[in-house]
Amino acid sequence: MRRFGLLISLAVAGFATFAVADQSSSDYLVSAQSIDAGGTVAGSTTYLLRGSAIGGSGVGADPVLSNGTYGRKPGFVGQLYRITTLQVVSNSQTIDEGTTLQLNVLAKADDDTYFAPLDASLVAWSVVNGPLISVSNSGVVTADHVYQDTPAAVAVSRGTLSSQLQLTVLNVSNDDFGAYAGDGVDDSWQVQYFGLPPNPLAGPNVDADGTGQTNLFKFMAGLNPLDGSRFTVDIQRVPGNPSEMNIIFGPVANGRSYLVQYQSNGGNGAWYTLTSTNQTQNGLDRTLTDLGATDRSRLYRVQISSP
Ligand SMILES: [Ca+2]
Ligand SMILES: [Ca+2]
């Protein structure tokens, strides 16, 4: 039993090849034997001891196996290691606003092997920054609503070890952010001009710069709600051509589409899209020429659409 203990001790202590001297007395002789690298197989002319037979896994010739979540060292009775790194992991680096995401923690040992995800309750969770409402003791993070894609971070710690995971909270809906939610105006536009909510000047029906056009209209028209700009429509006859009419409107904005419609006198009050037209552009002013303005009178309107 003493020699058995010696063999195991040597096996755990290192990977070098040991040569053991013959042992003898007047009554017995134990021939010299050697222990292979890793200490997993030892033998003499009278016996063979495989490390795997005493609690290790595999045979001594196997390499140390590992992947991202586990490690296996064949032939060892036990493994000595020290946790050196915590790592927060997730199936996704993004989280939709208003939803939850399960996070997990891996522990990495000083032999570069990983343990399977730890029980999340073994570490302390916290929100580092960003629009995260909470992270539970079980590693479930809950995202707040945002007005644009926004970075965030979660931390875990245990003892002297800690780790962080960077996430991005994705803006899924354009009109769900705090006091700016559900008013028909994109929250990012409201934040751009009126800062973070609340700001009563950002309301859809407010005429923040006194132009007579509301924030909602200016948002749809792609205008600055604070600089006094206005969207105008002008109707002019075409000189020398009484059957044509120019509809001049602007300023036109990127990302907006414009539809000119008319209502005929003697009609049933319905609006019709102007189809027989010529279009010209002068700076930010656009002119559509109605080529069939033969009615005694026509009403025109410009419909603005935002994607
Ligand atoms: Ca949003
Ligand atoms: Ca809004």
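Now for a quick tour of the structure. Computed from a prediction, not measured in an experiment: that's the story for all the values here.

1. What about the environment of valine 154?
Here's step 1: Among the secondary structure elements, valine 154 is positioned in strand E15 (residues 150–158).
Here's step 2: Judged by its relative accessible area of 0%, valine 154 falls in the buried class.
Here's step 3: A C-alpha to C-alpha distance of 9.4 Å links valine 154 and serine 134, two positions 20 residues apart in sequence.
Here's step 4: Look past the residues within four positions of valine 154 in its chain and what remains in contact with it is Leu103, Trp125, Ser126, Val128, Leu132, Val135, Val141, Ser163, Gln164, Leu165 and Leu167.

2. Regarding the packing of aromatic side chains
Here's step 1: Under the definition given, this model contains nine aromatic pairs.
Here's step 2: Between the aromatic rings of tryptophan 189 and phenylalanine 219, the centroid separation amounts to 5.5 Å while the plane-to-plane angle is 65°, which identifies the pairing as edge-to-face. One end of the pair, tryptophan 189, is in helix H2 (residues 187–194); the other, phenylalanine 219, is in helix H3 (residues 215–221), with 30 residues separating them in the sequence. Each member of the pair, tryptophan 189 as well as phenylalanine 219, carries the same accessibility label: buried.
Here's step 3: One aromatic cluster is present, formed by Trp189, Tyr193, Phe194 and Phe219 through successive ring pairs.
Here's step 4: Above the plane of the ring of phenylalanine 219 lies arginine 256, whose end atom (NZ or CZ) is 5.6 Å from the centre.
Here's step 5: Over the face of the ring belonging to tyrosine 262 we find arginine 298, whose NZ or CZ atom lies 3.8 Å from the ring centre.

The rules behind each value
- Residues numbered from 1 in each chain as written.
- Chains lettered and ligands numbered in written order.
- Predicted model: local features only at pLDDT ≥ 70, side-chain atom pairs only at ≥ 80, totals over all residues.
- Heavy atoms only, no water.
- Helix = DSSP H or I, 4+ residues; strand = E, 2+ residues; numbered from the N terminus.
- Buried < 20%, exposed > 50% of the residue type's maximum accessible area, 1.4 Å probe, protein only.
- Contact = heavy atoms within 4.5 Å.
- Phe/Tyr/Trp six-rings, centres within 6.5 Å; stacked < 30°, edge-to-face > 60°.
- Lys NZ or Arg CZ within 6 Å of the ring centre and 35° of its normal.

Function cannot be read off these values alone, since they describe shape.
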